[in-house]
Each structure stands twice: as structure tokens, then as C-alpha cells.
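One-letter residues, chain by chain:
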Amino acid sequence: MASVALSESEHSHAVVDHHHEELSFLRKYVFSTDHKIIGVQYGITALLFLLFGFVLMMLMRWQLAYPGKPLPWFGDWMWLLLGKKNAALLMPDGVMSPDLYNSFGAMHGTIMVFLGVVPLGFAAFGNYVVPLQVGAPDMAFPRINMASYHSFLWGGLVMLISFFVPGGAAKSGWTSYSPLASIADTAYHPFWNGQTMWLLGMVLLITSSLLGSVNFIATIIQLRAKGMSWMRMPFFVWAQLVTAFLLLLAFPPLEAAGVMQLMDRVAGTSFFLPSGLVVNGQHFSALSGGGSPLLWQHLFWFLGHPEVYVILLPALGMVCEILATNARKPIWGYPSLVFSVVAIGFLSFIVWAHHMYMTGMGTKVSAFFQTTTVIISVPSVVILSCLLISLWGGSIRFNTPMLFALGFLPMFGIGGLTGIPLAFSALGSYLHDSYYVIGHFHYVVAPGVVFGLFAGVYHWYPKITGRFMNEFWGKVHFWITLVCMNGIFFPMFLQGMAGMHRRWYDGGAAYELSKPLLHWNEFMSVSAWIMGLAQIPFIINFFISFRTGKKASDNPWEATTLEWQTPTPPPHGNFATEPVVYRGPYEYSVPGEAKDFSPQNEPVKEYNKNL
């Protein structure tokens with residue numbers, strides 16, 4: 001295997017050396033096959049989708065804080081998002097209708113998960129950083145890499161266009177449960193409606209992920225530099241490798257399910273529609289017969305739970321890199337980290353049914369999934385413990401990427417610990433579909449993973465652009481975001497434990513039971529809007545620093561991994577000469593060395609070989 005990897009890498013370097021033709025604008029920036037350009041394409045696109053998904057959430061929070069009141073300032077401009085006909089139908093007199101609330105809820109979840117967090121963590125950072133960290137000149141299949149990005153882009157555009165079709169975007173939740181989703185929007189055109197376009201968009205997005213995952217696996221296995229053994233790989237590369245396997249194995253069932261639901265809607269099949277279906281007094285016997293709604297739930301959650309780790313692991317890898325660099329210490333228990341992330345990857349495939357306790361599964365099956373769900377917390381705790389112990393005795397630099405990485409640790413801890421009660425069917429049945437679940441999931445994904453992603457942006461920005469982002473505005477961004485994140489999500493635990501249901505447009509008569517808790521809605525909404533304002537310094541900083549930021553050297557953080565041993569920004573082909581790896585990824589403060597970092601491509605001195 002090593003000889004194959006070496007020969008392919010050598011060949012690729014040779015090819016790069018002899019093909020420096022000048023490319024047109026379209027080939028260089030639109031249809032590029034360079035992993036760094038594709039990484040930037042993914043990054044910019046995913047950040048825009050994250051912003052859009054966040055705006056949808058802020059609009060929903062107005063309805064939750066002030067039910068039935070017209071949306072101020074932006075209410076008159078909603079036609080830009082919905083089209084004039086949909087705006088008149090779904091937002092009469094500036095008041096958000098229940099259908100529009102459901103639509104924003106479904107699209108917020110879909111966009112943040114499938115168009116924002118996953119593409120940013122896995123595809124954007126993975127594309128830019130992984131080939132550099134393993135010492136490769138590019139991804140193994142550059143054209144497939146380009147096709148992956150374009151499939152992702154078109155999937156996102158289909159989702160955006162769906163806001164303008166008659167009836168607006170999908171309204172059946174990001175889980176798109178049947179039979180609700182199978183019969184939604186059937187009053188409109190068979191294809192030109194929100195739910196059908198959601199399915200088409202998902203097929204494109206999943207195809208993009210499958211193409212990307214194959215590419216990452218092949219690159220990491222085949223194109224590692226000479227000397228880059230498995231246990232010399234940076235933890236971020238391990239996290240990406242496990243994530244790629246999760247995508248490759250878990251996404252095909254959902255893609256198949258998406259096509260099957262599409263057939264139920266347009267071709268008269270009945271994969272998910274039971275016999276004798278009646279909804280709100282309306283008979284759907286002509287459409288349904290013999291299908292199983294539970295089949296959709298199994299296929300969705302077989303991807304849905306591994307998807308949590310698809311979201312989490314790349315951010316965890318970034319945090320590991322940033323902690324080691326800024327603590328100036330080796331990562332404590334590196335082998336434990338590696339074995340734990342592999343264990344998480346395996347276990348994530350046998351826990352999916354804990355999302356389905358309410359479907360009435362038997363006690364034996366329920367006991368199995370309770371057990372596996374509790375077991376998967378063990379490697380997660382091992383990883384968190386290793387990262388915390390790595391800080392002990394370090395010469396910590398409290399720069400912006402380090403602040404975000406440090407912020408990740410307690411936020412992820414809260415998210416993980418609050419998930420343990422949901423592993424048990426007795427507690428899960430009570431908390432199911434309450435705000436507790438929303439709070440738990442968002443503590444993992446929002447203050448957890450998003451903090452990791454922000455840390456990654458600030459950390460690798462100098463390598464990508466050759467300039468630093470402004471530190472002062474970075475810290476302003478961090479502190480306001482940290483406070484507001486907790487202001488949004490922590491009260492959800494209080495509401496959920498008191499039994500307050502999620503997904504309610506205004507609660508109806510049930511809001512009477514939740515009256516003592518409703519004041520938190522206004523508090524959470526104000527926190528969300530302030531956090532929205534706190535992203536403005538980040539956006540300005542991101543673009544202004546590209547021109548005016550302080551110039552960065554090739555290795556501005558004095559880090560050890562290979563991406564920092566290239567020119568800044570890395571040229572076509574990445575490395576001037578083929579790199580050779582002599583060390584582990586985190587050799588900081590090595591006794592006997594003149595400086596406190598020892599790059600992986602720096603030969604080990606004779607007197608240090610036996611240390």
C-alpha cells in the first residue's frame with residue numbers, strides 16, 4: 001500500500017511540475033479541479049447558506065415571541081423571499097401564517113444541516129486542508145471533486161427556488177416524515193411544488209456527499225506522503241476519514257428513500273402510504289395502500305444519527321489542531337483519540353432507533369438501542385477528556401481561534417450530557433418532541449460545532465489568504481456569540497422539562513398550560529437577534545481582512561503539521577518538493593530542541609531518537 005501511495009504521489013508531483021498552463025477564468029474559478037479553489041467554493045457557499053438559514057430562524061423567533069403580530073420593517077419586503085403571490089398568501093398583512101412558519105422550520109433545519117454545517121466542516125475545510133496535511137498535491141479524483149461541488153450547488157439552488165413555487169417551500173419538517181410529506185402540496189403541480197423540489201434537492205445534495213466521500217477516502221489512503229503512517233496522521237485527517245465512511249454508508253438509504261417518496265408523490269406507488277389513509281377527514285384511499293410510514297423513519301434515522309457525527313467530527317478535528325497549536329503541547333492520549341473516533345463511527349450505525357421510541361417498539365429492541373446509545377457516549381467522553389487534559393500545563397495563547405476552540409469544549413459537553421437522558425425510552429417518551437430535544441441538539445450543533453467551524457475559519461484564514469483576520473473584532477465576535485448562544489438555547493431545557501411542545505406555531509389552547517414559561521420566548525428571540533447583529537463584525541472582518549489584514553508568514557502560528565510547511569497561500573501542486581514525514585503531528589516543546597515546535601517534515605536529531 002505504501003509503495004502504491006508513494007508512486008502515485010511522485011507521479012502526481014511530476015505531472016504538476018510539467019503542467020502550469022494559464023487557465024481561463026471559468027476553468028480557474030468556476031469549473032476548477034484544484035482542491036483549494038473547490039474548498040473555498042464550498043466554504044463561501046456554505047457560509048452564505050448558514051446566514052440564510054439563520055435569518056429564517058430569526059424570522060420564526062418573531063412569531064414565537066409575539067404570536068400573531070405583524071413583522072416590523074421586514075414584513076413589507078418578504079415578497080423578495082417568497083414572490084408576490086406567495087407573500088400575499090402566506091404573510092397576509094405582514095403576519096406570518098402557520099404554513100409559512102412550518103415552511104421556515106423545515107427549510108431552516110434542512111439548510112443548516114445539509115447546506116451549511118456539513119458542507120462547511122467536511123467539504124470546505126476537508127478539501128482545503130486534508131490534501132495539504134497528508135502531503136498530497138491534490139485530491140485523488142479532481143474532476144469528481146468538481147462534480148461534487150456543482151451537485152451541491154445545484155441542490156442548494158433547487159431548495160432556494162422552492163420558496164417561489166406555488167404554495168412555497170416544503171412544510172413537512174426537515175425529517176420529511178411520511179405520510180405527511182407524501183401528501184403535502186399535492187394540490188399543486190406534480191413537480192412544481194415545495195415538497196417535490198425538496199426531494200429533488202436532497203437527491204442532488206446526497207449525490208454530492210457520496211462523490212466527496214469516495215474522493216476523501218481514496219486521497220487519505222493512497223496519496224499520503226512518504227513517512228505519513230496511520231499514527232502520524234493529524235487527528236483532523238482521522239476525523240475526516242471516519243466522516244467520509246459515515247457518509248458513504250449512511251447516505252444511500254436516505255437517497256433511496258427520497259426517490260421512493262418521490263415515486264409515491266408522482267408515480268402512484270405506495271412505499272410509505274398505509275391502506276385506508278384518512279387525514280383531517282379526507283380519504284386518500286386512491287393514493288395509498290400497503291405502504292409503511294415506519295419504513296421512512298428507519299431509512300431516515302439510519303442516516304439521521306450518523307449525520308450528527310458527520311456534523312460533529314470535522315469540528316472536533318479542527319478543535320484538536322487548534323488546541324495543540326495554541327497550548328504548545330502534544331495532544332494527550334493521541335492513540336485514544338484515534339481509537340475513540342473509529343469506535344464512534346462504528347457505534348453510530350446501531351443507535352438510530354432511539355429516535356423512534358414513540359413508534360411503539362418492543363422492550364427487547366428498545367433495550368438494545370438504549371444500551372448502544374449509552375455506550376456511544378464513552379468514546380465521546382474519552383475524546384473530550386483528552387482535549388481537556390491536553391491544556392494542563394500548556395503555554396496557552398488566547399487568540400481568537402483558541403477562544404472559539406475553548407468555547408467548543410463546555411458547549412459540546414452540555415450538548416452531550418443532556419443527550420444521555422434521551423437514550424432511555426422512559427425519559428425519551430416524556431421529552432420527545434419537547435423543547436428539551438431542541439436545546440440538546442442545538443447545544444451540540446450550534447454552540448458546539450459552529451464554534452469549531454468559526455475556530456477553523458480564524459485558524460486557517462492566514463494560510464488561505466496570506467493575511468490575518470482582525471483580532472479585536474474576532475474577540476468581540478466570540479464573546480457576544482458565546483453569551484447569546486446560551487441565551488437562546490439554555491431556556492429551552494426549562495421549557496422542555498416542563499413539557500412545552502416544539503414545532504408549535506402559537507400553541508393554541510395548549511399555550512394556557514405553558515403560560516409560566518412563555519416569557520422565555522421573548523428572551524430567547526432577543527438573544528437570537530443580538531447574536532445576528534454580532535455576526536456583522538465577522539462578515540466585515542472576513543472580507544476586509546482579505547485586503548487590509550496583517551500579512552502572515554508561511555507558518556504564522558508556528559505549527560507542526562504539513563499544511564504550514566508550504567508557501568502562503570499554497571501554490572498549484574501545494575509543495576515545492578515532495579514532503580517526507582519524520583515525526584508525529586503534535587511535537588511541541590520537545591526537550592532538546594531550540595524552538596518549541598518541530599514540523600513533521602523536519603528530520604529527527606540523533607540525540608532525540610531515543611527520547
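No experiment lies behind these values; they were computed from the predicted model shown.

Conventions and cut-offs
Residues numbered from 1 in each chain as written. Predicted model: local features only at pLDDT ≥ 70, side-chain atom pairs only at ≥ 80, totals over all residues. Heavy atoms only, no water. Helix = DSSP H or I, 4+ residues; strand = E, 2+ residues; numbered from the N terminus. Rg over C-alpha atoms; globule rule 2.2 N^0.38 Å. Buried < 20%, exposed > 50% of the residue type's maximum accessible area, 1.4 Å probe, protein only. Contact = heavy atoms within 4.5 Å. Areas by Shrake-Rupley, 256 points an atom, 1.4 Å probe, with all protein chains shown as cover. pLDDT = per-residue confidence, 0-100. Phe/Tyr/Trp six-rings, centres within 6.5 Å; stacked < 30°, edge-to-face > 60°. Lys NZ or Arg CZ within 6 Å of the ring centre and 35° of its normal. Salt bridge = Lys/Arg side-chain N within 4 Å of Asp/Glu carboxyl O. Axes fitted to C-alpha atoms, helices over the stretch in contact; angles between N-to-C directions. Parallel < 35°, antiparallel > 145°, perpendicular 65-115°, else oblique. Left-handed = near helix turned anticlockwise from the far one by under 90°. Nonpolar A, V, L, I, M, F, W, Y, C, P; charged D, E, K, R; others polar.

### Points about the overall build of the protein
Part 1: Scanning the protein from terminus to terminus reveals 19 helices and two strands.
Part 2: The C-alpha atoms of the protein give a radius of gyration of 25 Å, which matches the 25 Å a tight globule of 611 residues would have.
Part 3: The C-alpha extent of the protein, read off along each of the three principal axes, is 80 × 55 × 50 Å.
Part 4: Evaluated residue by residue, the protein yields a buried proportion of 58% over its 611 residues.
Part 5: In the protein, the share of contacts with a sequence separation of at least 24, taken over all contacts with a separation of at least 6, comes to 79%.
Part 6: Of the roughly 24800 Å² that the protein leaves accessible, carbon and sulfur atoms contribute 70%.

### Re the confidence of the model for the protein
Part 1: Mean pLDDT for the protein: 91, with 96% of residues reaching 70 or above.
Part 2: Confidence scores differ between elements of the protein, with helix 1 (residues 2–17) showing the lowest mean pLDDT of 44 and helix 7 (residues 142–161) the highest of 97.
Part 3: Predicted confidence is poor over residues 1–18, with pLDDT under 50, and the contacts of this stretch with residues over four places away or in other chains come to 26 contacts.

### Details of the packing of aromatic side chains
The geometry of two aromatic rings is summed up by the distance between their centres and the angle between their planes.
Part 1: Per the stated rule, a full pass over the model turns up 45 aromatic pairs.
Part 2: A ring pair is formed by Phe 272 and Trp 296, whose centres lie 5.5 Å apart and whose planes are at 85 degrees; its orientation type is edge-to-face. You can see Phe 272 sitting in the loop between helix 10 (235–266) and strand 1 (278–279) and its partner Trp 296 sitting in helix 11 (residues 293–327), a full 24 residues away along the chain. In this pair, the class of Phe 272 matches that of Trp 296, namely buried.
Part 3: Ring geometry for Phe 368 and Phe 369: centres 5.1 Å apart, planes at 85 degrees, overall edge-to-face.
Part 4: For Phe 368, a relative accessible area of 42% gives the class partly exposed.
Part 5: Ring-pair connections join several aromatic residues into one group, and the members of that group are Phe 404, Phe 451, Phe 454, Tyr 458, Tyr 461, Phe 478, Trp 479, Phe 538, Phe 542 and Phe 543.
Part 6: The residue whose ring lies beneath Lys 84 is Trp 79, and the NZ or CZ to ring-centre distance is 5.4 Å.
Part 7: One Lys or Arg, Lys 595, reaches over the ring of Phe 597 and ends 5.4 Å from the middle of that ring.

### Here's the deal with the pattern of salt bridges
Part 1: Counting across every chain of the model gives twelve salt bridges.
Part 2: Between Lys 36 and Asp 34 there is a salt bridge, with its nearest N and O atoms 3.2 Å apart. Judged on exposure class, the residue Lys 36 and its partner Asp 34 are both buried.
Part 3: A salt bridge links Glu 602 to Arg 583; the nearest nitrogen and oxygen atoms lie 3.8 Å apart. Of this pair, Glu 602 sits in the segment after helix 19 (519–548) while Arg 583 sits in the segment after helix 19, and the two are 19 residues apart along the sequence.
Part 4: Beyond isolated ion pairs, a larger network of salt bridges with shared partners links Arg 583, Glu 587, Glu 593, Lys 595 and Glu 602.

### Quick word on the packing of helix 9 (residues 194–222) against helix 10
Part 1: Running from N to C, helix 9 and helix 10 point in directions that differ by 150 degrees, and their axes come no closer than 8 Å. Considering the angle they form, helix 9 stands roughly antiparallel to helix 10. At the point where helix 9 passes helix 10, the crossing takes the left-handed sense.
Part 2: In terms of residue class, the contact of helix 9 with helix 10 is built from 21 nonpolar, eight polar and two charged.

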